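Below, each chain spelled out in residue letters.
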Amino acid sequence: MDTQALRKRAHDLDVTLWVGKGGVDPVVDECDDQLKGEDLVKVKFLRSAQGGTDVESLAADLAERTNAAVVETRGNTAVLYR
């Protein structure tokens, strides 16, 4: 599926995964489970999760660990696709 169509579908999605001060490590399994049920997952990165890094690198790290692709990042939110 092309990126534009995925971005359109993701627009109306609600955030189902929040990454907090524990970082990406505690949510990898939950994200993987959600991606098994749905092909798109919207993730919100709280300020406490960022700790000097940007949302793009956190999203890329989470995507790599869950064998997914980052569709887009906007503000503190990212959309993953698998």
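What you are looking at is a predicted structure, and each value in this text was computed from that prediction instead of being measured.

A. Broad picture of the pattern of salt bridges. Within this structure, the stated rule accounts for seven salt bridges. Among the salt bridges present, the one from Asp39 reaches Arg9, with a minimum N-O distance of 2.8 Å. In this pair, Asp39 is assigned in the loop between α2 (28-37) and β2 (40-45) and Arg9 in helix α1 (residues 3-11), connecting sequence segments 30 residues apart. A residue is classified by how much of its surface remains accessible, and Asp39, at 23% relative accessible area, is partly exposed. Assessed through its relative accessible area of 37%, Arg9 is described here as partly exposed. Its salt-bridge partner being Arg65, residue Asp25 comes within 2.3 Å of it at the nearest N-O pair. Of this pair, Asp25 sits in the loop between β1 (17-19) and α2 while Arg65 sits in helix α4 (residues 55-65); the two residues are 40 residues apart in sequence, bridging distant segments of the chain.

B. Expanded view of the UniProt feature "domain: CRM" (unreviewed entry) in the chain. If you check UniProt for "domain: CRM" (unreviewed entry), the listed places come out as residues 1-82 in our numbering. Secondary structure across residues 1-82 comprises 41% helix and 24% strand; the distance between its end C-alpha atoms is 10 Å.

Rules used throughout
Per chain, residue numbering runs from 1 following the sequence as it is written. Reporting of local features is limited, given that this is a predicted model, to residues whose pLDDT is at least 70; pairs of side-chain atoms are given and counted only at 80 or more, and all residues count toward the totals for whole chains, interfaces and linings. Note that the side-chain values use all heavy atoms of the structure and ignore hydrogens as well as water. The rule for a salt bridge is simple: a side-chain nitrogen of Lys or Arg has to be within 4 Å of a carboxyl oxygen of Asp or Glu. Numbering of helices and strands starts at the N terminus; helices are DSSP runs of H or I of at least 4 residues and strands are runs of E of at least 2. Only protein chains enter the accessibility calculation, which uses a 1.4 Å probe; a residue is then buried when its area is under 20% of its type maximum, exposed when over 50%, and partly exposed in between. UniProt positions are given in the numbering used here, feature names are shortened, and annotations may be inferred rather than shown by experiment.

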